[in-house]
2 protein chains.
Amino acid sequence: MDTLEAKYAKLATDNAPGQEVRQSASGLSDLLRGETLLGTPVDFSHGDVDAFLPTPGAFEAFSAGVAPGSGQAYTEYRGSGAIREMLAERLAAFTGAPISADQGLIITPGTQGALFLAVAATAGAGDKVAIVQPDYFANRKLVEFFGAILVPVTLNYHQTSDQAGLDLSQLEDAFRSGAKVFLFSNPNNPVGVIYSEAEIAEIAGLAGRYGATVIVDQLYSRLLYEGRSYAHLRAGRVDPENVLTIMGPSKTESLSGYRLGVAFGSTRLIDRMEKLQAIVSLRAPGYSQAVLKTWFAEPEGWLAERIRLHQAIRDDLLAVLGPVPRLEVRSPEAGSYIFPKLPELAVPTQDFVRILRRQAGVTVTPGAEFGPHSLGSIRLNFSQDHRAAVAAIGRAADLIERYRR
Amino acid sequence: MDTLEAKYAKLATDNAPGQEVRQSASGLSDLLRGETLLGTPVDFSHGDVDAFLPTPGAFEAFSAGVAPGSGQAYTEYRGSGAIREMLAERLAAFTGAPISADQGLIITPGTQGALFLAVAATAGAGDKVAIVQPDYFANRKLVEFFGAILVPVTLNYHQTSDQAGLDLSQLEDAFRSGAKVFLFSNPNNPVGVIYSEAEIAEIAGLAGRYGATVIVDQLYSRLLYEGRSYAHLRAGRVDPENVLTIMGPSKTESLSGYRLGVAFGSTRLIDRMEKLQAIVSLRAPGYSQAVLKTWFAEPEGWLAERIRLHQAIRDDLLAVLGPVPRLEVRSPEAGSYIFPKLPELAVPTQDFVRILRRQAGVTVTPGAEFGPHSLGSIRLNFSQDHRAAVAAIGRAADLIERYRR
C-alpha cells in the first residue's frame with residue numbers, strides 16, 4: 001500500500017454521520033433476530049432541520065445577499081468586511097473578550113472548514129497534537145491527515161457530574177512531551193458535557209506554562225440547559241495569540257445548509273488560515289455569508305424557546321434510556337447529543353448500529369468514530385421531531401433487549 | 001523560520017485576485033507620475049456578476065432547494081444523489097464519455113474545492129507533479145502545500161496560433177523523471193488558449209505510456225469563441241481511471257456566489273476526494289447544490305448570446321491593446337481572460353499594477369502569480385460591463401505610455 005493509499009484508508013467515512021446510505025447490507029442477514037419494528041424512521045446522525053427550522057429571517061438574508069451581486073459573490077477570502085465587523089462585535093460580547101474584525105476573524109465553509117484550516121495552521125508532519133477521547137470524530141482524522149502525532153487525553157465523563165472530567169495530568173504530560181496544540185470541543189461532542197470554570201482555568205494555565213496553542217470548538221455553546229453556566233477560554237488569563245475559538249450557526253440555529261462557520265482570536269493563525277482557504281475553497285459561499293447577519297440577532301425569546309424544546313426531548317429520551325439495565329448515560333448539559341454506553345450485546349456495536357437502522361429505522365453513529373474507549377457507545381443527535389424521537393428510542397431499547405448477551 | 005511558517009509564506013495572497021483591498025499603499029507615492037485618470041473603476045481581477053448576471057432560474061432553484069429542508073441541507077459528502085444523476089448524464093454528453101453518477105462524480109465548494117481535493121488525492125510529500133507555466137496560480141500553491149515537487153512544463157503560447165503551444169518534450173521529460181501527475185487548465189488560464197486535438201492526443205498518449213494521472217481543469221470549456229473547437233481529454237484514448245476532469249458554473253454562468261464545482265472520472269480519486277472533503281468542509285453547500293439543476297439546462301440561446309457578448313468585448317479590448325508599441329498579446333480562443341505582455345516599463349510590473357489601481361481605477365492580476373516566465377504580463381478578466389471595460393483599458397494604455405522606459 002503506497003503512502004497516499006494508507007493516508008486515505010485512515011479517512012474512511014463508512015460510519016460517518018449521514019453517510020449510511022453508502023453502506024452495504026452484506027452479511028447482516030445472518031445476524032438478525034426477530035421482526036422489524038415499525039415506526040417513523042429517525043436519523044439521529046444529525047439534527048433534523050425540518051423539526052427545528054432555520055432561524056427566522058435566514059432565507060430572507062440570503063436573498064438580500066444575492067441582490068447586491070458582485071460585492072457579495074466575491075468577498076475577501078476571509079469573508080465580507082462588513083459582516084466581519086458585525087460578527088466581531090457580537091462574538092466579543094458573547095465570549096467576553098475583544099475580537100479584531102480586520103485581523104482576528106475568518107468566515108469559513110462551516111465549522112468543519114474552520115477546524116480543517118485551524119489544524120493545518122498549527123500542526124505539520126511530526127508535530128504532536130493533544131486531543132480528547134472521546135471528542136468530535138474529525139479531530140483525529142485532521143491530525144492524522146497532516147501527518148501530525150495524536151496525543152490522547154482522556155475525558156472521564158462517567159466518573160463525574162460537576163465538571164467534564166478531563167484528565168488534566170494527562171494534558172500536562174502531553175504538553176511536557178512536546179505537544180504544542182490542544183484541540184477540544186466544549187461542550188464536548190459526543191457527550192454533551194460542559195467543562196467547568198476550574199477545568200477551563202487549568203487548561204488556560206497549562207497552555208500558558210507550556211506555550212501551547214489551544215483550539216476550542218464551541219459549536220454548541222449557545223444551547224445550554226437550565227442551570228448551566230459556560231466559561232469561555234478566551235475570556236480567561238490567556239495569551240490571545242495562542243487561542244483560536246471556532247463557532248458556527250449550523251446546529252442550534254439549523255443553518256447547516258448554508259455552510260457557515262467562523263474562527264476568531266489569534267491573528268497569526270487567522271492569517272495562515274486565510275492563505276490556506278484561498279487554495280481550499282476561496283471563501284465561504286458569498287451569498288450565504290449574508291445569512292450571518294441574522295446570527296446572534298434572532299428574535300427575542302427565540303433561543304430560550306429552542307433550548308426549552310430540546311431540553312424536553314432530552315428529558316424524555318433519558319426517561320426511556322434510564323431504566324435499560326446496565327446502560328450507562330450521562331445527562332447532557334448543552335447541545336443536542338446523547339452518548340449512551342450500551343450493555344454488552346451479542347453482536348459488535350458496529351453491527352448493532354446497522355441492525356438498528358435495518359430493523360428499527362433508527363440511524364445512530366457508532367462510538368468507535370469518537371475514539372478507542374467508546375467502542376460500546378452510540379451517539380444520538382436528538383434535535384429531532386419530539387414524538388418520533390421518543391418512539392424511535394423506544395424501539396432502540398427494545399432491540400437492546402433483543403440482542404442483549 | 002519554522003516549517004509551518006515557511007509553508008505559509010509560500011501561500012501569500014497579497015496579489016491574488018480580489019484581495020487587493022488588503023494591500024497597503026506604502027512607498028507608492030514616490031513612483032507616481034502625472035495625474036489620476038478619471039473613469040468608472042473596473043476590477044478585472046474577476047468577472048463582474050453585475051454585468052453578466054447569474055443564469056436565469058439559479059436563485060429560484062436555490063429557493064426550491066431550501067424548501068425540502070433536511071434532505072437538501074444534509075446530502076452525502078459527495079453531494080446529492082439525485083443531482084449527481086442529473087449532472088452525470090449532462091456532463092457525459094458534453095465531454096463525450098460516460099460518467100458513473102454513483103462512483104465517478106463529486107460536487108465540491110467551487111472548482112477551487114475540486115482542485116484542492118484532486119491534488120491532495122494524487123500528490124503527497126516528495127511526489128513530482130508536472131504543471132504548466134503559465135497556468136492558474138493556485139496550481140503551484142497546491143503542489144507546494146502538499147510538499148510535492150513541481151516540475152514545470154512551458155507553454156509557448158506566443159510562438160503559435162493553431163495550438164496552445166505546450167512543450168511536449170518537456171512533458172515527456174517530466175514523466176520520465178518520475179512525475180505521476182499532470183495538472184493543467186484547458187482553456188488555459190491566464191492565456192485563454194485551447195489545446196489542439198493533436199496536443200490533447202499527445203498528452204493522452206504520454207500519460208498512458210508513463211501511467212500518469214491527468215487532472216484537467218476545464219472551467220472555461222463552454223465559453224468557446226467563433227470557429228473554435230474543443231477536444232475533451234477524457235473522450236480520447238485514455239484509461240478513465242487515470243483522468244479527472246474539473247468543471248463548475250462559477251465563470252461562464254456567473255454562479256460563483258453559490259460556490260459550486262464538480263470533479264468526475266476516476267472512481268479511485270473521487271473516493272479519496274470524498275473522504276477528504278468530509279474533513280475539509282463536509283460537503284458543497286447543501287442548498288446551493290440545487291442550483292446545479294439549472295446547469296447545462298439554460299434557456300435556448302442563452303449560451304450563444306453570452307459568448308457573443310464576451311467575444312465583442314474581447315475584440316474591442318484587443319483593438320485598444322493591439323496598437324500599443326511592443327505590447328504582445330494573443331487573442332484568447334475561449335474564456336474571459338486576456339494576458340498581455342507589457343512593454344518594458346520604468347517600474348516593476350508589481351508596482352505598475354498598484355499604479356493602475358491608484359491612478360486609473362483599473363484592477364488587474366500581476367503575471368508573477370502565474371509563473372516565473374510571466375513577470376512582465378498582466379491578466380484581465382474581461383467579463384465586465386462592455387463600455388466601462390473598453391474605457392478602462394484605454395486608461396491602462398495611457399498609463400503604459402506614461403510609464404514606458
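A quick note: this is a predicted structure, and the numbers were derived from the prediction, not measured.

Draft legend 1. Fine view of the relation of the copies chain B and chain A. Superposition record for chain B on chain A: RMSD 0.0 Å, screw rotation 180 degrees, translation along axis 0.0 Å. The superposition of one copy onto the other is thereby described by a two-fold rotation axis. Comparing interface residues between copies, 100% of those in chain B also lie at the interface in chain A; the contact surface is shared.

Draft legend 2. How the structure looks around the domain arrangement of chain A. All names here are of chain A. Partitioning chain A into domains gives domain 1 (3–53 + 301–403) and domain 2 (69–294). Taking only C-alpha atoms, the centre of domain 1 and the centre of domain 2 are 26 Å apart. Contacts between the two partners involve 39 residues from domain 1, matched on the other side by 34 residues from domain 2. Together domain 1 and domain 2 conceal approximately 3,200 Å² of surface at their shared face, both sides included; 56% is due to carbon and sulfur atoms. Summed over the three residues of domain 1 that lose the most area to domain 2, namely Arg330, Glu333 and Tyr337, the buried surface amounts to 24% of that side. One can count two salt bridges joining domain 1 with domain 2. With its nearest N and O atoms 3.9 Å apart, the salt bridge here joins arginine 228 to glutamate 333. Our count for the contact surface shared by domain 1 and domain 2 stands at 20 residue pairs in polar contact (both at pLDDT 80 or more).

Draft legend 3. The arrangement of the pattern of salt bridges in detail. Residue and element names in this part refer to chain A. Considering all chains together, one arrives at 38 salt bridges over all chains under this definition. One salt bridge connects aspartate 173 with arginine 176, and the closest N-O pair in it is separated by 3.0 Å. Note that aspartate 173 and arginine 176 are positioned in helix α7 (residues 168–176) at a spacing of three residues, about one turn of the helix. In the salt-bridge network here, residues are joined through shared partners; they are Arg78, Asp271, Glu274 and Lys275.

Draft legend 4. Highlighting the pairing of strand β4 (residues 149–154) of chain A. Residue and element names in this part refer to chain A. In this structure, strand β3 (residues 128–133) lies alongside β4, joined through six bridges in parallel fashion. Paired with isoleucine 131 across the bridge in β4 is proline 152. Assessed by its sense of winding, the connection that carries the chain from β3 through helix α6 (residues 137–145) to β4 is right-handed.

Draft legend 5. Up close: the environment of alanine 120 of chain B. Locating alanine 120 of chain B in the fold gives a position in helix α5 (residues 110–122). The class of alanine 120 of chain B is buried, set by a relative accessible area of 3%. Along the backbone, alanine 120 of chain B and proline 348 of chain B are 228 residues apart, and their C-alpha atoms lie at a distance of 35 Å. If we ignore the near neighbours within four places in the chain, the residues touching alanine 120 of chain B are Leu4, Tyr8 and Phe145 of chain A together with Phe146 and Leu276 of chain B.

Draft legend 6. Fine view of the sheet that holds strand β2 (residues 105–108) of chain A. Residues and elements named next belong to chain A. Across the sheet, which stays open at both edges, the seven strands sit in the order β2-β8-β7-β6-β5-β3-β4 with mixed pairing between neighbours. Taken across any chain shown, the strands that pair with only one partner, and hence form the sheet edges, are β2 and β4. Neighbouring strand axes in the sheet, compared pairwise and without regard to direction, differ in orientation by 20 degrees on average. The strands that α7 touches are β3, β4 and β5 (181–185); relative to β4, the one it contacts most, it runs at about 160 degrees. The sheet contacts of helix α9 (residues 267–280) involve β2, β6 (213–217), β7 (243–247) and β8 (261–265), and relative to β2 the element is tilted by about 30 degrees.

Quick notes on the rules
- Residues numbered from 1 in each chain as written.
- Chains lettered and ligands numbered in written order.
- Predicted model: local features only at pLDDT ≥ 70, side-chain atom pairs only at ≥ 80, totals over all residues.
- Heavy atoms only, no water.
- Least-squares fit on C-alpha atoms with pLDDT ≥ 70 in both.
- Contact = heavy atoms within 4.5 Å.
- Domains from an automatic or database assignment.
- Buried area = accessible area lost by both parts, 1.4 Å probe.
- Salt bridge = Lys/Arg side-chain N within 4 Å of Asp/Glu carboxyl O.
- Polar contact = N/O pair within 3.5 Å; in protein donor to acceptor, adjacent residues only side chain to side chain.
- Helix = DSSP H or I, 4+ residues; strand = E, 2+ residues; numbered from the N terminus.
- Pairing = 2+ DSSP bridges.
- Right-handed = clockwise from strand over helix to strand, strands pointing away.
- Buried < 20%, exposed > 50% of the residue type's maximum accessible area, 1.4 Å probe, protein only.
- Axes fitted to C-alpha atoms, helices over the stretch in contact; angles between N-to-C directions.

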